[in-house]
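# Working through the structure, step by step
Below are the chains, spelled out letter by letter.
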Protein chains: 2
Amino acid sequence: MNQLLEDLQNKVNQKTKPIGALGRLENIAIQIGLLQNTLTPQLNSPHILIFAADHGLAKSGVSPYPQEVTAQMVLNFVNGGAAINVFAKQNNIALKIIDAGVNFDFDEKLPIIHAKIAKGTQNSLENPAMTLSDCEKAFQKGQALVKELHQKNCNVIGFGEMGIGNSSAAALLLSYFGKLPIEACVGRGTGLDDEGLKRKATILHEVQQKHKKVIASKNPMEILATFGGFEIAMMAGAMTTAAHLKMLVLIDGFIATSALLVANALDSTVIDACIFCHQSEEQRHQKMLDLLKAKPLLNIGMRLGEGTGVAVAYPLIVSAVAFLNQMASFGEAGVSEKSV
Amino acid sequence: MNQLLEDLQNKVNQKTKPIGALGRLENIAIQIGLLQNTLTPQLNSPHILIFAADHGLAKSGVSPYPQEVTAQMVLNFVNGGAAINVFAKQNNIALKIIDAGVNFDFDEKLPIIHAKIAKGTQNSLENPAMTLSDCEKAFQKGQALVKELHQKNCNVIGFGEMGIGNSSAAALLLSYFGKLPIEACVGRGTGLDDEGLKRKATILHEVQQKHKKVIASKNPMEILATFGGFEIAMMAGAMTTAAHLKMLVLIDGFIATSALLVANALDSTVIDACIFCHQSEEQRHQKMLDLLKAKPLLNIGMRLGEGTGVAVAYPLIVSAVAFLNQMASFGEAGVSEKSV
């Protein structure tokens with residue numbers, strides 16, 4: 001493995017450019033070469049999976065949007081009208097929409113992967129969001145979906161989500177995995193005002209009080225079941241399997257990264273397969289990135305989810321692989337190297 | 001104009017996403033709509049122009065690469081082996097390579113725009129880099145090239161450059177326009193070590209001493225002639241005309257931005273047409289961006305020039321225009337709006 005790293009670094013350094021002049025693109029090229037165990041990595045059949053699910057907690061007023069919006073946005077994805085549709089089409093990324101647990105009966109004929117575990121999670125103010133069994137079912141479903149894509153020659157996969165209330169679930173996961181007070185973990189989600197933000201923190205603090213025993217258990221899967229959501233559990237499973245299959249894992253914003261916190265707690269090697277596509281404007285995303293020692297590619301104030309950060313950053317990843325495979329070396333081009 | 005701004009903002013806000021959730025992409029969409037005076041902007045026939053030229057100052061040891069590399073890299077561009085070739089091809093951007101003043105006789109049959117003013121500038125330690133007349137000739141040539149592209153329906157144009165020694169010219173321009181001591185303006189260019197960096201600052205300080213009178217003149221065109229280069233003068237002219245023709249102007253790194261400093265001094269409205277594609281790792285680029293109150297799109301440690309920052313950032317600009325034109329509104333998609 002060290003020999004490959006050395007060979008990749010040499011290949012990068014022999015390209016007709018000053019050493020290091022392509023910055024992060026050089027690191028990404030090398031990361032993907034190592035992941036794929038080759039000097040000539042390829043990106044095949046890129047996909048973004050959008051996992052959608054509802055959250056019992058949404059009924060407690062943690063989001064300014066009504067729960068119906070989750071299902072409405074799934075239909076918007078199906079009809080091609082959402083931001084992720086536009087960006088995925090632009091950058092030739094295939095989209096799959098997964099009903100992980102939306103509180104709506106979708107027509108079975110719609111081009112959706114019907115993987116509903118239940119019609120939304122329980123309200124974690126009262127009960128764990130999911131039973132441990134349902135949580136594991138969601139996790140395994142995510143794993144199975146990725147295996148299927150891998151068999152179809154896909155080797156790069158991004159994760160998006162939709163779920164009114166899911167920034168609260170993500171905040172609870174950040175609070176646990178980051179050992180941070182919940183006040184430091186809540187953000188405005190889809191657009192809460194100051195009062196709404198305060199209410200959200202109070203509600204989430206109550207949720208934590210309710211489930212003190214689970215927190216003390218230090219079991220990542222129990223934590224995920226109690227505070228997470230079906231879409232987060234599926235993403236966590238999907239990320240784990242994708243990394244094991246040496247697929248490139250593209251991480252979006254606050255919610256997708258909360259799933260990675262779980263995956264990382266279960267297996268810290270998962271992160272070797274990950275590229276952090278953007279830093280969300282959602283205020284606490286930076287805390288998650290710090291925990292994972294991750295440096296995002298883009299920082300352009302996006303905070304939409306759906307995998308949009310992945311979709312717009314993807315061309316940079318294509319650029320990284322392209323320069324490694326296509327640029328001429330100093331020798332090939334007859335260009336003089338640095339003289340001092 | 002204010003009505004158009006309001007209409008553009010409303011159009012953006014009616015898209016199926018929380019207000020502001022696409023961050024900088026929203027600002028860019030609105031900027032391009034205003035520039036093109038429309039609610040449905042289009043990006044037509046995108047081009048990157050690479051202006052190449054040599055610098056008399058290179059003979060004084062301000063770069064670790066020999067001057068021959070300028071011509072060698074032009075041939076590398078022609079043969080498709082450079083980073084900019086790879087990225088432009090990836091993102092469907094047409095490339096034009098302009099010999100603005102390379103110290104080499106290129107075969108006339110090569111697909112180069114032969115616009116050589118002279119075989120490199122004078123060494124500014126001894127003389128002004130260009131006569132005022134040659135500088136104006138270069139400036140006007142840049143203007144003419146852009147007019148030609150505009151007539152062929154191109155409305156988005158990025159600027160790249162190649163020229164061993166040109167980071168010294170750019171540093172001298174920054175020092176003048178930013179009223180900064182030269183020590184605060186020099187960087188490592190293509191890769192100087194500490195000693196080389198110190199030598200570069202000393203040499204450039206001598207250049208400034210030599211031309212004190214010109215500095216006192218406060219005439220931007222004289223400053224450009226004395227300290228700039230043929231590629232910088234052509235870029236400055238090209239940027240000015242592109243902005244006047246309401247073309248979108250894509251700004252690359254340290255050298256391209258130095259040309260914009262000149263264009264901006266001649267006409268401060270030029271900047272309304274500009275998108276700053278990336279922040280160069282070349283240390284003093286940030287000072288230029290600060291002077292222009294500019295916020296770059298990417299900050300991924302690139303410092304190559306050639307227009308590579310433009311080429312890799314371009315898909316983000318396409319994304320901005322695409323969401324404005326293609327995303328569904330709340331009304332169209334039947335999605336509920338924010339309730340609180």
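Look up: the structure comes first, before these words.
Worth saying up front: this structure is predicted, and the values here are computed from it rather than measured.

This paragraph deals with the overall build of chain A. Summing up its helical and strand segments, chain A has 14 helices and six strands in all. The C-alpha radius of gyration computed for chain A amounts to 21 Å, which stays within 12% of the reference 20 Å derived for 340 residues, consistent with globular compactness. If one aligns the C-alpha atoms of chain A with their principal axes, the spans along those axes are about 70 × 45 × 35 Å. Counting across all 340 residues of chain A, residues that qualify as buried make up 63%. A separation threshold of at least 6 residues defines the contact pool for chain A, and within that pool the share at least 24 residues apart is 74%. Summed over its atoms, the accessible surface of chain A is roughly 12500 Å², and 48% of this surface lies on carbon and sulfur atoms. Considering chain A, the positive charge centre built from 30 side chains and the negative charge centre built from 30 side chains are found 2 Å apart.

Turning to the pairing of strand β4 (residues 156-162) of chain B, a few remarks are in order. In regular strands, side chains alternate between the two faces of the sheet. Residue and element names in this part refer to chain B. Counting buried positions along β4 yields seven of seven residues, so the element is predominantly enclosed. Of the strand pairs in this sheet, strand β1 (residues 47-53) and β4 are connected by six bridges, and their pairing is parallel. In the sheet register, Ile48 faces β4, and the bridge partner there is Gly158. Relative to strand β5 (residues 248-251), β4 runs parallel, the two being bridged by three bridges. Bridge pairing in β5 links Ile157 to Val249.

A few words now on helix α6 (residues 166-177) of chain B. Residue and element names in this part refer to chain B. Between its first and last C-alpha, α6 extends 16 Å over 12 residues, near the 16 Å set by a 1.5 Å rise per residue. Taking burial as the measure, the 12 residues of α6 include 12 buried ones, the bulk of the element. Here α6 has its buried residues at Asn166, Ser167, Ser168, Ala169, Ala170, Ala171, Leu172, Leu173, Leu174, Ser175, Tyr176 and Phe177. Lys179 lies just past α6 and shows a positive phi near 50°.

Now for the interface of chain A and chain B. Taken together, the 54 residues of chain A in the interface contact 54 residues of chain B. Buried surface at the junction of chain A and chain B, both sides included, amounts to about 4500 Å², of which 63% is carbon and sulfur. If you sort the residues of chain A by the area they bury against chain B, Tyr65, Ile300 and Lys338 of chain A come out on top, with a joint share of 13%. Across the chain A-chain B interface, the total number found is zero salt bridges. Put simply, the parts of the chain that give the side of chain A that touches chain B at least two residues each are α2 (24-36), α3 (68-79), α4 (83-90), α13 (308-326) and α14 (330-333) of chain A. Looking at the side of chain A that touches chain B element by element, the count peaks at eight residues for α13 of chain A. A class-by-class count of the residues in the side of chain A that touches chain B yields 31 nonpolar, 16 polar and seven charged.

A few words now on the state of the cysteines. Within the structure shown, the criterion is met by zero disulfides over all chains. Of all cysteine sulfurs in the structure, the one in Cys274 of chain A sits closest to Cys277 of chain A, which takes part in no disulfide; the separation is 9.7 Å. Looking at the unpaired Cys185 of chain B, the closest cysteine sulfur is the one in Cys135 of chain B, lying at 19 Å.

A word on the relation of the copies chain A and chain B. Mapping chain A onto chain B calls for a rotation angle of 180° and an axial translation of 0.0 Å; the resulting RMSD is 0.0 Å. Between the two chains, the operation in question is that of a two-fold axis. Take the interface residues of chain A: 100% of them recur as interface residues in chain B, which is what a same-surface contact looks like.

Before going further, it helps to spend a moment on the sheet that holds strand β3 (residues 113-114) of chain A. On the basis of which strands lie adjacent, the open sheet formed by six strands has the order β3-β2-β1-β4-β5-β6 (chain A) and parallel pairing. Strands at the two margins of the open sheet, each flanked by one partner only, are β3 and β6 (274-276) of chain A.

All names here are of chain A. Among the seven residues of strand β1 (residues 47-53), seven are classified as buried, and the element is accordingly described as predominantly covered. By the alternation rule, side chains of β1 split into His47, Leu49, Phe51 and Ala53 and Ile48, Ile50 and Ala52, which are all buried. For β1 and strand β2 (residues 94-101), the ladder comprises seven bridges, and the chain directions are parallel. Opposite Ala53, over in β2, you have Gly101 as the bridge partner.

Here the focus is the side chain of Thr70 of chain A. All names here are of chain A. Here Thr70 shows up in helix α3. According to the relative accessible area criterion, Thr70 is buried, its value standing at 0%. Leave out the neighbours within four places in its chain, and Thr70 touches Ala52, Ala53, Asp54, Val102, Met162, Gly163 and Ile164.

Attention now goes to the nonpolar core. If you look at the biggest cluster of nonpolar residues, it comprises 262 residues, and the most contacted ones within it are Ile317 of chain A together with Ile317 of chain B. Contact partners of Ile317 of chain A, with chain neighbours within four places excluded, come to Ile28, Ile32, Leu43, Leu248, Leu250, Ile275, Cys277 and Leu297 of chain A.

Before going further, it helps to examine the sheet that holds β5 of chain B. Residues and elements named next belong to chain B. Within the open sheet, the six strands sit side by side as β3-β2-β1-β4-β5-β6. Their pairing is parallel. Since the sheet does not close on itself, it has two edges, and those belong to β3 (113-114) and β6 (274-276), each with one partner. Here strand β2 (residues 94-101) pairs with β3 via two bridges, running parallel. Looking at the pairing, Ile98 lines up with Ile113 of β3.

Residues and elements named next belong to chain A. Where helix α9 (residues 220-227) meets helix α11 (residues 254-266), the axes come as close as 9 Å, and the angle between the chain directions of the two elements is 160°. Between α9 and α11, the crossing angle belongs to the class labelled roughly antiparallel. Crossing hand, α9 versus α11: left-handed. Counting all contacts with α9, which are made through Pro220, Met221 and Leu224, the residues of α11 involved are Val262, Ala265 and Leu266. Across the contact of α9 with α11, the residue classes tally to six nonpolar, no polar and no charged.

This part is about the packing of helix α5 (residues 132-151) of chain B against helix α9 (residues 220-227) of chain B. All names here are of chain B. Close contact between α5 and α9 brings their axes to 9 Å; oriented N to C, the two are set at 100°. Classed by the angle they form, the pair α5 and α9 counts as roughly perpendicular. Contacts between α5 and α9 involve Leu132, Cys135, Glu136 and Phe139 on the former and, on the latter, Met221, Glu222, Leu224 and Ala225. Of the residues contributing to the contact of α5 with α9, the split by class is six nonpolar, no polar and two charged.

Parameters at a glance
- Per chain, residue numbering runs from 1 following the sequence as it is written.
- All chains are assigned letters beginning with A, and all ligands numbers beginning with 1, in the order in which they are written.
- Since the coordinates come from a predicted model, pLDDT governs what is reported: local features require at least 70, and pairs of side-chain atoms require 80 or more to be given and counted, while whole-chain, interface and lining totals use all residues.
- Just so you know, side-chain values use all the structure's heavy atoms and leave hydrogens and water out.
- Numbering of helices and strands starts at the N terminus; helices are DSSP runs of H or I of at least 4 residues and strands are runs of E of at least 2.
- Atoms considered for the radius of gyration are the C-alpha atoms alone. The globule rule reads 2.2 Å times the number of residues to the power 0.38.
- The classification of residues rests on relative accessible area computed with a 1.4 Å probe and restricted to protein chains. Under 20% of the type maximum is buried, over 50% is exposed, and intermediate values are partly exposed.
- The contact definition used throughout considers only heavy atoms, calling two residues in contact when any of these lie within 4.5 Å.
- Accessible surface area values rest on a Shrake-Rupley calculation with a 1.4 Å probe, where residue burial reflects the displayed protein chains alone.
- Only four residue types enter the tally: Lys and Arg on the positive side, Asp and Glu on the negative side; His and the chain ends are excluded.
- By convention, the charge on Lys lies at NZ, on Arg at CZ, on Asp at CG and on Glu at CD.
- One bridge is not enough; two strands pair if DSSP finds at least two bridges between them.
- Multiply 1.5 Å by the residue count of a helix minus one, and that product is the helix's expected span.
- Put simply, buried area is how much 1.4 Å-probe accessible surface two parts lose in total, over both of them, once they are put together.
- Basic side-chain nitrogens of Lys or Arg form a salt bridge, by our definition, when they fall within 4 Å of a carboxyl oxygen of Asp or Glu.
- Residues were grouped as follows: Ala, Val, Leu, Ile, Met, Phe, Trp, Tyr, Cys and Pro as nonpolar; Asp, Glu, Lys and Arg as charged; and all remaining residues, including Gly, as polar.
- For the purposes of this analysis, a disulfide is any pair of cysteine sulfur atoms at a distance within 2.5 Å.
- Superposing the copies works by least squares over the C-alpha atoms of residues that have pLDDT at least 70 in both of them.
- In plain words, nonpolar cores are sets of buried Ala, Val, Leu, Ile, Met, Phe, Trp, Tyr and Cys residues tied together by side-chain atoms within 4.5 Å.
- Axes, fitted as lines to C-alpha atoms, cover a helix only where it is in contact. Angles between the N-to-C directions of the axes lie from 0 to 180 degrees.
- When describing relative orientation, an angle under 35 degrees is termed roughly parallel and one over 145 degrees roughly antiparallel, while 65 to 115 degrees is termed roughly perpendicular and anything else oblique.
- Crossing handedness is read from the near helix: turned anticlockwise from the far helix by less than a right angle, it gives a left-handed crossing, and turned clockwise, a right-handed one.

Function-wise, these values are silent; they only describe arrangement.
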